[in-house]
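The chain contents come next:
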Amino acid sequence: GLGVAIAGHWSWLMILLAFLTSGFVATKWKYAEKKSRGFNEGKEGERDWTNVLANGGVPLFISLLALYTQNWQDLLPIFSASVAVAASDTFASEFGCLDHRVRMITTFKRCKPGVNGGFSPSGQLAAFVGSGFIALFSAALGTILDAEALSQPVHFIIGVTVIGFIGCQIDSVLGAVLENRGYIGKGTVNSLAITSGAIIAWFLLPIMSN
């Protein structure tokens, strides 16, 4: 967080904190039931350093890039999109794990809740809400700061929301294809999904800001 604030911009730290706060709320939602069914992480829902690195590594890299280019405004959509992917995935997992209507994203066959690559209607809705929350929060901050990337706020909000949601789907596919087979771990899956969101945002930057 300190690296993001110093290298990127203080508003980026606020976006990161918005994700952490909303993620905490999502984690604590019906936590007792999650714990009884083995869907919890840690003893009280806490994440370890690998999760922090997986979700914060890409935003930190984008912040360092902003420091190098001295242009945080143009990189705001990319940073926001990377955080939106993390929020979308967190919301999908925490709100969707108790939904019994789960199907595997690669085959669309029914599977058990909590399985990597599984998705449910409530999880997909939560993923969209989580991504949209970060998009709206980022847009509000960018508008207040009169950031150039918010010259078309509607495009910005739609772009970040959709990219965050797509990144969540990429996370599920990677989980089903690679994590379930033991090729990579959860942290790597998260990092790759967030990276994909940042890359998509990079290519869509002209559309999102013009």
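Student: Explain a nonpolar patch on the surface here, please?
Tutor: Judged by side-chain polarity, Trp10, Met14, Leu17 and Leu20 come together as a nonpolar surface patch covering roughly 390 Å² of accessible area. Topologically, Leu17 is positioned in helix 2 (residues 10-28).

Student: I tried to follow the environment of Leu76 on my own but got confused; where do I start?
Tutor: Along the chain, Leu76 falls in helix 5 (residues 72-96). Once residues lying within four places of it in the same chain are set aside, the contact partners of Leu76 are Trp12, Ile15, Gly142, Ala147, Leu150 and Phe156.

Student: I keep staring at the nonpolar core and nothing clicks. Help me out?
Tutor: Soluble globular proteins tend to pack their nonpolar side chains together in the buried interior. Formed by 33 residues in total, the largest nonpolar core has its most connected members in Trp12, Ile15, Ile62, Leu76, Phe79, Val83 and Ile134. Breaking this core down by element, the ones donating at least two residues are helix 2, helix 4 (49-69), helix 5, helix 6 (121-144), helix 7 (153-179) and helix 8 (186-209). Of all hydrophobic cores here, the second largest spans six residues; its members include Val102, Met104, Phe119 and Ala176.

Student: Would you mind showing me how to read the packing of aromatic side chains here?
Tutor: Geometry of an aromatic ring pair is reported as the spacing of the ring centres plus the angle between the planes. On inspection of all chains with the given rule, the structure shows six aromatic pairs. With a centroid separation of 5.1 Å and 55° between ring planes, the pair formed by Trp29 and Phe95 is classed as tilted. Of the two residues, Trp29 is situated in the loop between helix 2 and helix 3 (31-36) and Phe95 in helix 5; the sequence distance between them amounts to 66 residues. Here Trp29 falls in the partly exposed class, since its relative accessible area comes to 31%. Residue Phe95 is classed as partly exposed on the basis of its relative accessible area, which comes to 23%. Among the aromatic residues, those joined into a ring-pair cluster are Trp29, Phe91 and Phe95.

Student: Is there a simple way to explain the packing of helix 2 against helix 6 in this structure?
Tutor: When two helices pack together, their arrangement is given by the angle between the helix axes and by the axis-to-axis distance. Close contact between helix 2 and helix 6 brings their axes to 10 Å; oriented N to C, the two are set at 150°. The pairing of helix 2 with helix 6 is recorded here as roughly antiparallel in orientation. Both helix 2 and helix 6 take part in a crossing whose hand is right-handed. On helix 6, the residues touching Ser11, Met14, Ile15, Ala18, Phe19 and Ser22 of helix 2 are Phe133, Ile134, Phe137, Ser138 and Leu141. Class assignment of the residues belonging to the contact of helix 2 with helix 6 gives a composition of eight nonpolar, three polar and no charged.

Student: When you look at the packing of helix 6 against helix 7 in this model, what are you seeing that I'm missing?
Tutor: As a packed pair, helix 6 and helix 7 sit with axes 8 Å apart at the nearest point and diverge in direction by 140°. The way helix 6 lies across helix 7 gives a crossing that is right-handed. For the pair helix 6 and helix 7, contact is made by Gln124, Ala127, Phe128, Ser131, Gly132, Ala135, Leu136, Ser138 and Ala139 and by Phe156, Ile157, Val160, Thr161, Gly164, Phe165, Cys168 and Gln169, respectively. The residue makeup of the contact of helix 6 with helix 7, split by class, is 10 nonpolar, seven polar and no charged.

Student: Could you clarify how one ought to interpret helix 4 in this entry?
Tutor: Since the α-helix advances by 3.6 residues per turn, residues separated by three or four positions end up pointing in the same direction. For helix 4, spanning 21 residues, the distance from its first C-alpha to its last is 29 Å, which sits close to the expected 30 Å at 1.5 Å a residue. At Gly56, helix 4 is deflected by roughly 45°, the largest bend along its length, and proline Pro59 occurs up to four residues later in sequence. By the burial criterion, the buried members of helix 4 are Asn51, Ala54, Asn55, Val58, Pro59, Ile62, Ser63 and Ala66. A positive backbone phi angle near 55° is found at Gln70, which sits one or two residues after helix 4.

Conventions used here
Residues numbered from 1 in each chain as written. Predicted model: local features only at pLDDT ≥ 70, side-chain atom pairs only at ≥ 80, totals over all residues. Heavy atoms only, no water. Patch = residues over 30% accessible without salt bridge, like charges linked within 9 Å, V, L, I, M, F, W, Y side chains within 5 Å. Areas by Shrake-Rupley, 256 points an atom, 1.4 Å probe, with all protein chains shown as cover. Salt bridge = Lys/Arg side-chain N within 4 Å of Asp/Glu carboxyl O. Helix = DSSP H or I, 4+ residues; strand = E, 2+ residues; numbered from the N terminus. Contact = heavy atoms within 4.5 Å. Core = buried A, V, L, I, M, F, W, Y, C linked by side-chain atoms within 4.5 Å. Buried < 20%, exposed > 50% of the residue type's maximum accessible area, 1.4 Å probe, protein only. Phe/Tyr/Trp six-rings, centres within 6.5 Å; stacked < 30°, edge-to-face > 60°. Axes fitted to C-alpha atoms, helices over the stretch in contact; angles between N-to-C directions. Parallel < 35°, antiparallel > 145°, perpendicular 65-115°, else oblique. Left-handed = near helix turned anticlockwise from the far one by under 90°. Nonpolar A, V, L, I, M, F, W, Y, C, P; charged D, E, K, R; others polar. Expected span 1.5 Å × (residues − 1). Bend = angle between axes of the 7 residues up to and from the residue.

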